[in-house]
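Residue strings, one per chain:
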Amino acid sequence: MVVTIDNFFGVYLLNSVNERHKGACYIGFTVNPERRIKQHNSGKEKGGARKTDKKRPWKMVLITHGFPSKIAALRFEWAWQHPQVSTRLNHLSKRERGEKEFDYRIRILSEMLNTAPWKRLPLTVQWLNQEYNRHLDHEPPKHMPVTYGPVRARLRRHKFDGEAAADDYDTQSSEDEDESDDYDSDECVPLFQRLMQKKQPKKPTTIKNSHHKCYICQEEHSSPAHFFLGCLESTCKMFSHSKCLAHEFLRQEGTERHKLVPVQGKCPACSQVLLWGDLIRKHHGYHQQFQH
């Protein structure tokens, strides 16, 4: 089954199947896995990376997704690419003699998933190719599922005129759009444009939601950054703004002033223990595969 996900930010691992370069690996960031592997295998003229051009064809074997933003995913990508330079990972041993590059990259990934700040994020480790599936050296935190099978990104088209982004999505790969090594500017709002928008005074975008009222603040309005999350218990009708619920979970943990992302908490209505990652996954449209 192909899982379709909204607001996709992923960091992937490629493995070369070129006979001359078999076993070579590459780590990259993408908002569209299907399109990105096609670009890598089509060459740098078609949007592939320079570093992968001579070692194609490639297989995308694993992707870690669920990052709250593009910046968070890019930081994860950089640390995975450069563990000896990262201040959070430079205590790890270098690639050992005789250790395959694939095994080394998986070893580093296993450590990253159990290292702050990444260990608190609602990440999912997804094996895309069963042939390469193996156990991670260290089990990830319990709120991070390890899943199997292909994944598809559903992309939101942004507007830059100060209006709310339209609710239309694109699940097709666009071969004529470039996605470079460092930026996915076709789908993500470029940083300079976001900064320019901040300089221009405008009313915040709010959406009147007639179906839900925040259980915590009692407000009915929501926004793209202040969306509603619902309890996963089928008989519970609790809905809350994501920010309100995050603060409530952090308050329960006793870490409200020190952390930004909760790991879990009790529903304020029914006291059901909820994993923050599962709430976010349900919001992005793919919680059903993690239900017990």
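Residues numbered from 1 in each chain as written. Predicted model: local features only at pLDDT ≥ 70, side-chain atom pairs only at ≥ 80, totals over all residues. Heavy atoms only, no water.

Student: What is the right way to read empty space enclosed by the protein from this model?
Tutor: The gaps left among the atoms become clear once a water-sized probe is rolled over them. Per the stated rule, a full pass over the model turns up one cavity of 30 Å³ or more. What lines the largest cavity is a set of 10 residues, and nearest its centre among them are I5, N7, F8, G66 and H284. Each residue belonging to the lining of the largest cavity can be placed in one class, and the counts come to five nonpolar, four polar and one charged. (1 Å grid on protein atoms, 1.4 Å probe; cavity = no way out; pocket = protein on both sides within 12 Å on 5 of 7 lines; lining within 4 Å. Points joined across faces, edges and corners; volume = space filled by probe spheres on them. Nonpolar A, V, L, I, M, F, W, Y, C, P; charged D, E, K, R; others polar.)

Student: Just to check I follow, could you spell out the pattern of salt bridges for this structure?
Tutor: Here the idea is simple: oppositely charged side chains can pair when their charged atoms come close. A full pass over the atoms with the stated rule returns 11 salt bridges. Salt-bridge contacts for E99 lead to R107; the nearest nitrogen and oxygen are separated by 2.9 Å. R107 matches E99 in its accessibility class, with the two residues each being buried. One network of salt bridges, with partners in common, ties together D103, R134 and D137. (Salt bridge = Lys/Arg side-chain N within 4 Å of Asp/Glu carboxyl O. Buried < 20%, exposed > 50% of the residue type's maximum accessible area, 1.4 Å probe, protein only.)

Student: Honestly, a positive patch on the surface in this entry has me stumped. Any pointers?
Tutor: On the surface, a cluster of positive charge is made up of K44, R50, K51 and K54. R50 sits in the exposed class, given a relative accessible area of 65%. (Patch = residues over 30% accessible without salt bridge, like charges linked within 9 Å, V, L, I, M, F, W, Y side chains within 5 Å. Areas by Shrake-Rupley, 256 points an atom, 1.4 Å probe, with all protein chains shown as cover. Lys, Arg positive; Asp, Glu negative; His and termini not counted. Charge placed at Lys NZ, Arg CZ, Asp CG, Glu CD.)

Student: Explain the side chain of H65 here, please?
Tutor: Within the secondary structure, H65 sits in strand β4 (residues 58-65). Separated by 2.9 Å, the side chains of H65 and Q126 make a polar contact. (Helix = DSSP H or I, 4+ residues; strand = E, 2+ residues; numbered from the N terminus. Polar contact = N/O pair within 3.5 Å; in protein donor to acceptor, adjacent residues only side chain to side chain.)

Student: For this particular structure, what's the right way to read unusual backbone geometry?
Tutor: Peptide bonds are trans in most cases, and residues, glycine excluded, mostly fall at negative phi. Following R56, the chain continues to P57 via a peptide bond in cis, the omega torsion being 10 degrees. Within the element layout of this structure, P57 appears in the loop between α1 (33-42) and β4. In the segment running from A116 into P117, the intervening peptide bond is cis, with an omega of 5 degrees. With respect to the helices and strands, the residue P117 is situated in the loop between α3 (101-112) and β5 (124-127). The phi torsion at N7 lies on the positive side, around 50 degrees, for a residue other than glycine. Note that N7 resides in the loop between β1 (3-6) and β2 (10-16). Positive phi outside glycine occurs at S271, with the angle close to 70 degrees. Mapped onto the elements of the fold, S271 is located in the loop between β13 (264-266) and β14 (273-275).

Student: Is there a simple way to explain helix α5 (residues 242-253) in this structure?
Tutor: Since one α-helical turn is 3.6 residues long, residues separated by three or four positions face the same way. When the terminal C-alpha atoms of α5 are compared, their 16 Å separation across 12 residues agrees well with the 16 Å that a helix rising 1.5 Å per residue should span. Just downstream of α5, G254 is the residue with a positive phi angle, here 80 degrees. (Expected span 1.5 Å × (residues − 1).)

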